[in-house]
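Overview (structure and organization)
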Amino acid sequence: MTTTMPLPFRSACHAAGLLLVPLALAGCALPRPTPTPEVAVPAAWNAPRPAEEPAVDPSLPHGGTQAGLAQWWRRLDDPVLAELIDAAERASPTVAQAASRIAQARASRVSAGAALGPTADATANANRGFQTSLFAVATIAQGTLQASWEPDVFGGNRAARDAAQARLEGSQAGWHDARVSVAAETANQLAAWRACRDQLAVSETDAASRRESARLSGLSTRAGFTAPADDALARASAADAGNRLSQQRAQCEVAVKGLAALTGLEEGALRERLARPAGPVPDQLFAIDALPARVLAQRPDVQSAARDVVAASADVANAEAQRYPRLTIGGNIGRMYVDEPSLSGSINTWSFGPVQLQLPLFDGGKRRANTEAARAKYDEAVAVYRGKVRQAVREVEEALVNLQSTADRTGDAEAAVAGYRAAFQGAQARFDAGLASRIELEDARRTLLNADTTQVNLRRERMAAWIALYKAAGGGWNE
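Residues numbered from 1 in each chain as written. Predicted model: local features only at pLDDT ≥ 70, side-chain atom pairs only at ≥ 80, totals over all residues. Heavy atoms only, no water.

1. Some details on the overall build of the protein
The helix and strand tally for the protein stands at ten helices and four strands. Each helix (α) and strand (β) of the protein, taken in turn from the N terminus, gives the series α-α-α-α-β-β-α-α-α-α-β-β-α-α. Relative to its full complement of 479 residues, the protein shows a buried share of 39%. A separation threshold of at least 6 residues defines the contact pool for the protein, and within that pool the share at least 24 residues apart is 82%. By element, 56% of the accessible surface of the protein is carried by carbon and sulfur atoms, the whole surface being about 25,300 Å². (Helix = DSSP H or I, 4+ residues; strand = E, 2+ residues; numbered from the N terminus. Buried < 20%, exposed > 50% of the residue type's maximum accessible area, 1.4 Å probe, protein only. Contact = heavy atoms within 4.5 Å. Areas by Shrake-Rupley, 256 points an atom, 1.4 Å probe, with all protein chains shown as cover.)

2. Some words on the sheet that holds strand β4 (residues 343-358)
Neighbouring strands of a sheet are bound in pairs by backbone hydrogen bonds; such pairs are parallel or else antiparallel. Strand order in this open sheet of four strands is β1-β2-β3-β4, and the pairing throughout is antiparallel. Strand pairing shows two members of the sheet lacking a second neighbour, β1 (119-131) and β4, which therefore form its edges. Going across the sheet, the axis of each strand differs from the next one's by a mean of 15 degrees, ignoring polarity. Pairing geometry for strand β3 (residues 326-340) and β4, over 14 bridges, is antiparallel. Its bridge partner lying in β4, Asn-332 is registered against Ser-351. (Pairing = 2+ DSSP bridges. Axes fitted to C-alpha atoms, helices over the stretch in contact; angles between N-to-C directions.)

3. Points about the state of the cysteines
One pass over the structure, following the stated rule, counts one disulfide. Disulfide pairing places Cys-196 opposite Cys-252 at an S-S distance of 2.2 Å. Linking Cys-196 and Cys-252, the disulfide has an S-S dihedral of approximately -110 degrees and is accordingly described as left-handed. Of this pair, Cys-196 sits in helix α5 (residues 156-222) while Cys-252 is found in helix α6 (residues 228-263), placing the two residues 56 residues apart along the sequence. (Disulfide = S-S within 2.5 Å.)

4. What to know about unusual backbone geometry
The omega torsion across Gly-353 and Pro-354 is 5 degrees, close enough to zero to call that bond cis. When you line up the elements, Pro-354 lands in strand β4.

5. Let's talk about helix α8 (residues 300-321)
For α8, built from 22 residues, the straight-helix expectation of 32 Å at 1.5 Å per residue is met to within 8% by its first-to-last C-alpha distance of 31 Å. Counted residue by residue, α8 has 16 buried out of 22 residues, so it is predominantly covered. (Expected span 1.5 Å × (residues − 1).)

6. Focus on the pairing of β1
One ladder, built from 13 bridges, connects β1 with strand β2 (residues 136-149); its direction is antiparallel. Residue pairing across strands places Thr-123 opposite Thr-144, the latter belonging to β2. Adjacent in sequence and paired antiparallel, β1 and β2 are bridged by four residues, among which Phe-135 carries a positive phi angle near 50 degrees.

7. Quick notes on the nonpolar core
Among the nonpolar cores identified, the biggest contains 26 residues, and Trp-73, Leu-84, Leu-190, Leu-270, Leu-274 and Tyr-470 are the most heavily contacted of them. Where this core is concerned, the elements lending two or more residues are α2 (66-74), α3 (79-91), α5, α6, α7 (267-274) and α10 (438-472). Counting residues per element, this core draws most heavily on α5, at seven residues. Sequence-distant contacts of Leu-274, defined by excluding residues within four places in its chain, comprise Leu-84, Leu-190, Trp-193, Arg-197, Val-256 and Leu-259. In terms of nonpolar packing, the next biggest core, distinct from the first, is built from 23 residues, Ala-374, Tyr-378, Val-393 and Trp-466 among them. (Core = buried A, V, L, I, M, F, W, Y, C linked by side-chain atoms within 4.5 Å.)

Structure below.
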């Protein structure tokens, strides 16, 4: 039996040598757009910051790990918050989707990288029957190893691999962004519930005070010492306080329902956690005296947008490479076994080829259009990236402004509560002595209630500003 070859060996080698000449160009990459566009960022933040806080040296937020994120939030010495963040991450469909995108991107990266190397497939077959070449009934079995390789002359496959790698890195940044967002949302929801609880305590105290005033007013009116109009005012004030108290209770219940949905915890177990005593609300979550503008580079959404630019740049190179010749080299080796009455035995077989050169001639402008579309997508990715950077700058600046605003108002709010409480106590004493009217007393009580409510809302606003800065900076940093 003779060995099969598509071409005589010498001719095949000569043809391969001619076709391999383009490999000399492999070291010359096709031009592609700049993958990292420059975006102007401020050298320093324009928003005011507390001057007494120390400077920090930012690094990668949380190290990109779940343990790092959890440890960051445990610095607040609030075990309930840390537990709720862990539960929310496990229950979050956004985090699960981000993790799935990482798995998909990793598979695409492996697939794109595999195109740079050779492929090999093994086949085996056997048949028995009348063989015309032998003019006899025979059994023929054959096993073959087939291999092929496309030398990446113009870098199209390398560009596809680079694009897949950039998208994998972007999906990893997206996963971190999802975790940071879930942590921030959980912290906000818990802070909102605690603020609601504090406001509920204020409303309960106010309602109890007004009910007692209404009771005493009723006794005084029945004894003939108080005018019916004053008694009606006392009863209306008590009813109004009861209405606000019921409304506040409903808001707190709604906040608990929202936390249960966010964390995926059973409501009874969640209420047990919320019933635990919480430590004092920290005045700050981290130091921000000299928060550097380069901290924007660690924001996951900015990182993801930057990797999209790199991927789009590689897509341009890949589309451009499709307009140039492609070379494919194949071959196979095998072993054949023949069994028939007059001949029995096995032989080795091999072949080199086909050696195929594909030259694009005419496609109606399809490849050029694909290249232009890839360049348009690159321009779009650059625009999105620049927009992300500008949005990041805005969010940091706004969070810093809100933080400074709450810091400036805290002292005034505390002074207002102290002053209005003293005024109410004085009005109460004058009313009890018959020197002040019911209207004066209720005005003083209402003013104190507004001051208490303002103070509770201010604490909630300050915590929200800290959490907004945490998220705007990409998830905090190591000091």
